[in-house]
Amino acid sequence: MHLTSVTYLDIVVFHGELAPRTLFHGLVHAAQMALLGMDRYTELYVRGFVKTRSWMAIPWEAQAYQLDSRFAMSSTAIFSVEDEVKSWVEQGRF
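Each value, and the rule that gives it
- Residues numbered from 1 in each chain as written.
- Predicted model: local features only at pLDDT ≥ 70, side-chain atom pairs only at ≥ 80, totals over all residues.
- Heavy atoms only, no water.
- Buried < 20%, exposed > 50% of the residue type's maximum accessible area, 1.4 Å probe, protein only.
- Helix = DSSP H or I, 4+ residues; strand = E, 2+ residues; numbered from the N terminus.
- Arc of directions from axis to C-beta.
- Contact = heavy atoms within 4.5 Å.
- Polar contact = N/O pair within 3.5 Å; in protein donor to acceptor, adjacent residues only side chain to side chain.
- Phe/Tyr/Trp six-rings, centres within 6.5 Å; stacked < 30°, edge-to-face > 60°.
- Lys NZ or Arg CZ within 6 Å of the ring centre and 35° of its normal.

A.B. asks: Tell me about helix H4 (residues 81-90), and please be specific about residues and values.
C.D. replies: All buried positions along H4 are accounted for by Val81, Val85 and Trp88. Along the axis of H4, the buried residues cluster in a sector spanning 60°; they form a single face. Along its buried surface, H4 packs onto helix H1 (20-36) and helix H3 (59-73). Within two residues after H4, Gly92 carries a phi angle of roughly 70°, on the positive side.

Have a look at this one:
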């Protein structure tokens, strides 16, 4: 797999064509960063990578993929990304 976008705080930079699912995935990361702040987000991201040795298994990525899958299955389904991120934080899933 190759990188299609990178999120920097509230900016999502795309490599190639912009697709709704890719944009949604980037916005999930923006919500994660907004909730925890860049320092805490980065700390947990790196810890997740060191622990799993796979960027796809990092909890932040796992959550973003789960949520973008929900979005792709039904773009009319209503759910709050912020509530989803808060729930994972409260459960200690990061």
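Moving on from the coordinates now.
A.B. asks: Account for the side chain of His29, naming residues and giving values.
C.D. replies: Tracing the backbone through its elements, the reader meets His29 in helix H1. His29 gets classed as buried once you look at its relative accessible area, which sits at 6%. Within the local environment of His29, its side chain forms a polar contact with the side chain of Glu61, the two groups lying 3.3 Å apart. Contact partners of His29, with chain neighbours within four places excluded, come to Thr7, Tyr41, Trp60, Glu61 and Ala64.

A.B. asks: Please provide a residue-by-residue account of the packing of aromatic side chains, values included.
C.D. replies: One pass over the structure, following the stated rule, counts five aromatic pairs. Residues Phe24 and Phe79 carry aromatic rings whose centres are separated by 5.9 Å and whose planes lie at 70° to one another, so their mutual orientation is edge-to-face. Of this pair, Phe24 sits in helix H1 while Phe79 sits in the loop between H3 and H4, and the two are 55 residues apart along the sequence. Ring centres of Tyr41 and Tyr45 lie 5.8 Å apart, and the angle between their planes is 35°; this geometry places the pair in the tilted category. Separated by four residues within a single helix, Tyr41 and Tyr45 lie in helix H2 (residues 38-52), roughly one turn from each other. By relative accessible area, which is 6% here, Tyr41 ends up buried. Taken together through their ring pairs, the aromatic side chains of Phe24, Phe71 and Phe79 make up a single cluster. Stacked on the ring of Phe79, the Lys or Arg Arg70 has its end atom at 4.0 Å from the ring centre.

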